[in-house]
Amino acid sequence: MVIRSKTFRESYYEDIKLFQTVWIRVWIFLFLILLATLPLWGNPYVIYLINLSCIAVVAALGLNLLIGYTGQISLAHAAFIAIGAYTTAILSSKVGLPFWACLFASGGVAAAIGFGLGIPCLRLKGLYLAMATMSFGVVLENVLITWDKLTGGVRGINVAKISLFGYPLDSDSKIYYFLLVITVLVILGIKNLVRTRVGRAFIAIRDRDIAAEVMGVNITAYKVMAFTISSFVAGIAGGMYGYTMGYIHPEHFTLLLSIQYLAMIIVGGLGTILGSIFGAVFIILVPELIKGIARFSELLIPALKGKYNEEWNIAAFGLLIMIFLIFEAGGLHGIWGRIKTSFKNWPYTY
Amino acid sequence: MDQLEIKNLTLAFGGIVALHQVTMKIRKGEIHAVIGPNGAGKTSLFNCISGVYKPMEGDIRYEENSILHKKPHQIASLGIARTFQNIELFRHMNVIDNLLLGRHHRFRSGPLSGVFFWGRALREEIKHRRKVEEVIDFLEIEKVRKKTVGTLPYGIQKRVELGRALSMEPKILLLDEPTSGMNVEETEDIARFVLDIKEELEVTVIMVEHDIAMVMDIADWITVLNFGSKIAEGTPFEIQTNPKVIEAYLGEGS
Amino acid sequence: MTSGFLYFMQLFASGIAVGCLYALIALGFVLIIKATDILNFAHGEIIMISAMICYFLMAKYQFSFLTAVLITIVIAALMGVLTERLVLRPMLGEPIFAVVMITIGLSIFLRSLAGITFGHDNYVFPSPFPKEPIHLAGITLSMTQIWVMVSTALLVIIFFIFFKYSRMGLAMRGTADDQETALLMGISTKRVFAMVWGIAFVTAAIAGISLANVMVVNIGLTFTAISAFPAIILGGLESIPGAIIGGLVIGVIENLVGGYLDQAIGGGVKDVTPFVVLFLILMIKPYGLFGKEEIERV
């Protein structure tokens, strides 16, 4: 038997495979088993958090595709998530469509509107693009509130439960699997997209758009494509959110949410798939972490008892973003890369 | 048939005239050099051909069809590739990806195939990867193919940019100062590559250059620009002995 | 004068008054952008915090209006210098994206800190201006509105003179143009930056105090800053007169739309008008009305 001293790639296919070594596949397999069995032995609150994380991961991936890969800053992401959520809500409760139709429609409607936004925004860059998308977001938020015949306005709107082959998913644990499957599919899809022609075109537009155009990339088409795909994914995340919460309200989709997603991908790592996942999970879990620390310090120092409230969470969140950016420009993904390299090089530190 | 024909091209930025009534003919398979002092309009000429600048007057005809109003990416699909004076590589990608981007217009797969990767997208990735490896072999840059382009030394970056243009499988290659910043050895390497491109790959080369010795060695035809106007054209020998050119650019005693 | 014309003029005048508020807020943004290229997302929080501080100085500690305003301005200036030193200095040289994100983080931090310190109640500012409005040629304006317009005009004149004629003003313009050359010329960029942020925060304080006189004081004041974005873009990011004009134009348009269209289309149109205007401007002029286009050479 031949023992390999290194990973050799003997065909171009092996070079571009997603999971390059056996070990990666083993680890991912084990991780998936862990996730799959979690509802059996895990804390229900953890299940709820993972549900929220799945939604955040999907939306963050969409946003990173637009901002991290294609370099188009958008503050309208919450608006597209809202469009998806409301489409699902209306189609499921008022029209009674099954979940797969609702989700697909959510993505589709969001994509169509994203397409509509991308076209006028073609000439804009940087801060101006951020402002234009922000305006769109603010106007849409207003529309959600004022067009109450369609959206229920400030009363919000209910989302019907998903029915899987006649079996209703009416608890956090049941919807957990549903969300996980969609999340994994979206991660795979975007990871694939990014390593093909379209992904490369996106990065080229971000790095040097004039040169990209001279190389044959139709910048107009691809910029609009980036907006459309990003909005499609956001719409799906919105649908997921609707089904998970059971009830949506315009206040769930403010400019603050767009900023939160921006934080996710910056802290996680712009332009990376893993970064989007890390960032999303991190931002969802940080408030919980702080709550835990607060509760812990309350036990240690009884004088602090009662002083804690939700707002400390948010303060710490803001502080964390600042500290993160001052010390680590690559985000969580950068830190992950450094950990991996140090593992590979151990015991050599250089 | 002239492969590329430039007729009375005039380009102005506000009050500054970059090109004035420039007329040139490029024959298929030749190495055509464009020389002249700095600011003569050479890069502007290239930018017009690529479609980045829109001239005020004149026409550019490629294989008898006007490409004046085409967008840059359309001109690229027609078979005109170029390199840039200041390297315009995609710094965060590796060499292979940069070259694969040169093949962008030959791909047929779109976002849907991309997402469902394992069918058409995969086949195309492999097919084009093979082509790109041929270019890598041709330019002898195998060692750096997985390196991020931003980390490579200047000379290698220039070669990668040449590779990216070649990956387009162009019919005409525009080289904007391919040897700027290079020493004698590197310049000779580039000269050898340019000759190989002409002979093996049968690509027409239009070259903006300041290294006159190299130009005189390998060019088939030379056009001289000064202050946006063409002041002379001809074979290397004719240009070397042309008094207008000597006065404007080459200097006495060349 | 016909009542239709009077109605229009009334809307116009109130629009100018509101526009001055937008202009004041926009001024603070543009000052920092002009000097450092940074869009300070925390500006709204400074406005709100200044309003809060002034309110509490008057309501809880019984300071007179003038004293409270002075103390608030000093505190704001100090906050500006501190922010520059602690938060922005470490980020010198980082990509602009990261720096803007840090101001976002700062805004979140400050907003929640303010919520914890000041609470989420609505406070009514003890306005020193008489309630009786003034009637001028058929148009009614409150004393507060007049004060806002006067103080904005004064500030503009002061800034104009400052930037054009004073040494510090020149130093700021030089640093904004080319940091390295300014350094070589012996200008202490550290001091310039500290001053710029201090002055910008003082502008925010004045805006905040003005707003406090006109609306309810609560945490929500932070969002007024976002309403000034259209003014900044309209005026072109780097122009101080542009910011003022932009603010006035947005104020007038907003009021006119509110006065004429609100009944027809239904409430809420007035609030989003600045953003619709912003979007439309960007469609026609991608770099704002007076902005400079960035030219890339290949």
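Residues numbered from 1 in each chain as written. Chains lettered and ligands numbered in written order. Predicted model: local features only at pLDDT ≥ 70, side-chain atom pairs only at ≥ 80, totals over all residues. Heavy atoms only, no water.

So, about the sheet that holds strand 4 (residues 57-62) of chain B. All names here are of chain B. Pairing in this open sheet of four strands is antiparallel, and the strands run 2-1-4-5 from one edge to the other. Only two strands of the sheet have a single partner each, and these edge strands are strand 2 (16-27) and strand 5 (65-66). Pairing between strand 4 and strand 5: two bridges, direction antiparallel. Within the sheet, the bridge partner assigned to Arg 61 lies in strand 5 and is Ser 66. (Pairing = 2+ DSSP bridges. Helix = DSSP H or I, 4+ residues; strand = E, 2+ residues; numbered from the N terminus.)

What follows covers the environment of C:Glu84. Residues and elements named next belong to chain C. Within the secondary structure layout, Glu 84 lies in helix 3 (residues 65-88). The class of Glu 84 is buried, set by a relative accessible area of 3%. Between the alpha carbons of Glu 84 and Val 150 there is a distance of 30 Å; along the sequence they are 66 residues apart. With sequence-adjacent residues up to four places away left out, Glu 84 is seen in contact with Arg 89, Lys 190, Phe 193, Ala 194 and Trp 197. (Buried < 20%, exposed > 50% of the residue type's maximum accessible area, 1.4 Å probe, protein only. Contact = heavy atoms within 4.5 Å.)

Counting residues at the interface gives 40 residues for chain B and 34 residues for chain A. Together chain B and chain A conceal approximately 3300 Å² of surface at their shared face, both sides included; 65% is due to carbon and sulfur atoms. On the chain B side of the contact with chain A, B:His73, B:Phe90 and B:His104 bury the most area, a combined 19% of that side's loss. Linking chain B with chain A are three salt bridges, by the criterion used here. One salt bridge in this structure joins A:Arg200 and B:Glu125, with 3.0 Å as the shortest N-O distance. In this structure, the connection of chain B to chain A is made through nine residue pairs in polar contact (both at pLDDT 80 or more). Every element with two or more residues in the side of chain B that touches chain A is listed here: helix 2 (72-78), helix 3 (95-102), helix 4 (111-115) and helix 5 (120-139) of chain B. For the side of chain B that touches chain A, the leading source of residues is helix 5 of chain B, giving seven residues. Taken together, the residues that form the side of chain B that touches chain A break down as 19 nonpolar, nine polar and 12 charged. (Buried area = accessible area lost by both parts, 1.4 Å probe. Salt bridge = Lys/Arg side-chain N within 4 Å of Asp/Glu carboxyl O. Polar contact = N/O pair within 3.5 Å; in protein donor to acceptor, adjacent residues only side chain to side chain. Nonpolar A, V, L, I, M, F, W, Y, C, P; charged D, E, K, R; others polar.)

Okay, the nonpolar core next. A:Phe178, A:Phe253, A:Tyr261, B:Leu173, B:Ile222, C:Phe229 and C:Leu282 are the most contacted members of the largest nonpolar core, which totals 258 residues. In terms of residue count, the dominant contributor to this core is helix 3 (residues 44-69) of chain A (17 residues). Apart from the residues within four sequence positions on either side, C:Phe229 is in contact with A:Met131, A:Met134, C:Phe29, C:Leu39, C:Phe41 and C:Leu278. Within the second largest apolar cluster, 27 residues are counted, among which are B:Val22, B:Ile26, B:Ala40 and B:Leu68. (Core = buried A, V, L, I, M, F, W, Y, C linked by side-chain atoms within 4.5 Å.)

Rolled over the atoms, a probe as big as a water molecule pinpoints where empty space is left. All names here are of chain B. Enumeration according to the criterion identifies four cavities of 30 Å³ or more in this entry. The computed volume of the largest cavity comes to approximately 70 Å³. If you go around the largest cavity, the residues you meet are Thr 83, Phe 84, Lys 158, Glu 161, Leu 162, Leu 175, Asp 176, Glu 177, Pro 178 and Ile 190. Those elements giving two or more residues to the lining of the largest cavity turn out to be helix 6 (154-167) and strand 7 (172-176). When residues in the lining of the largest cavity are grouped by element, the largest group, three residues, is from helix 6. (1 Å grid on protein atoms, 1.4 Å probe; cavity = no way out; pocket = protein on both sides within 12 Å on 5 of 7 lines; lining within 4 Å. Points joined across faces, edges and corners; volume = space filled by probe spheres on them.)

Attention now goes to the sheet that holds strand 6 (residues 80-82) of chain B. Residues and elements named next belong to chain B. The six strands are arranged 6-7-8-3-9-10 in an open sheet whose pairing can be described as mixed. The two strands at the open ends of the sheet, each matched to only one other strand, are strand 6 and strand 10 (229-234). The average undirected angle you get between the axes of adjacent strands in this sheet is 20°. In the sheet, strand 6 pairs with strand 7 via three bridges, with the strands oriented parallel. In the sheet register, Ala 81 faces strand 7, and the bridge partner there is Leu 173. Along the sheet face, helix 1 (residues 42-50) touches strand 3 (31-35), strand 6, strand 7, strand 8 (204-208) and strand 9 (221-226) and points at about 150° away from the line of strand 7. (Axes fitted to C-alpha atoms, helices over the stretch in contact; angles between N-to-C directions.)

For the rest of this paragraph, the subject is the pattern of salt bridges. Counted by the stated rule, this structure contains 21 salt bridges over all chains. A:Arg206 is the salt-bridge partner of A:Asp207, the closest N and O atoms lying 3.3 Å from each other. The exposure class of A:Asp207 is buried, given its relative accessible area of 16%. Two residues, B:Lys25 and B:Glu5, come together in a salt bridge whose shortest N-O distance is 3.9 Å. With a gap of 20 residues between them, B:Lys25 in strand 2 and B:Glu5 in strand 1 (residues 2-13) connect regions that are remote in the sequence. Sharing partners across several salt bridges, the network here consists of B:Glu140, B:Arg159, B:Asp189 and B:Arg192.

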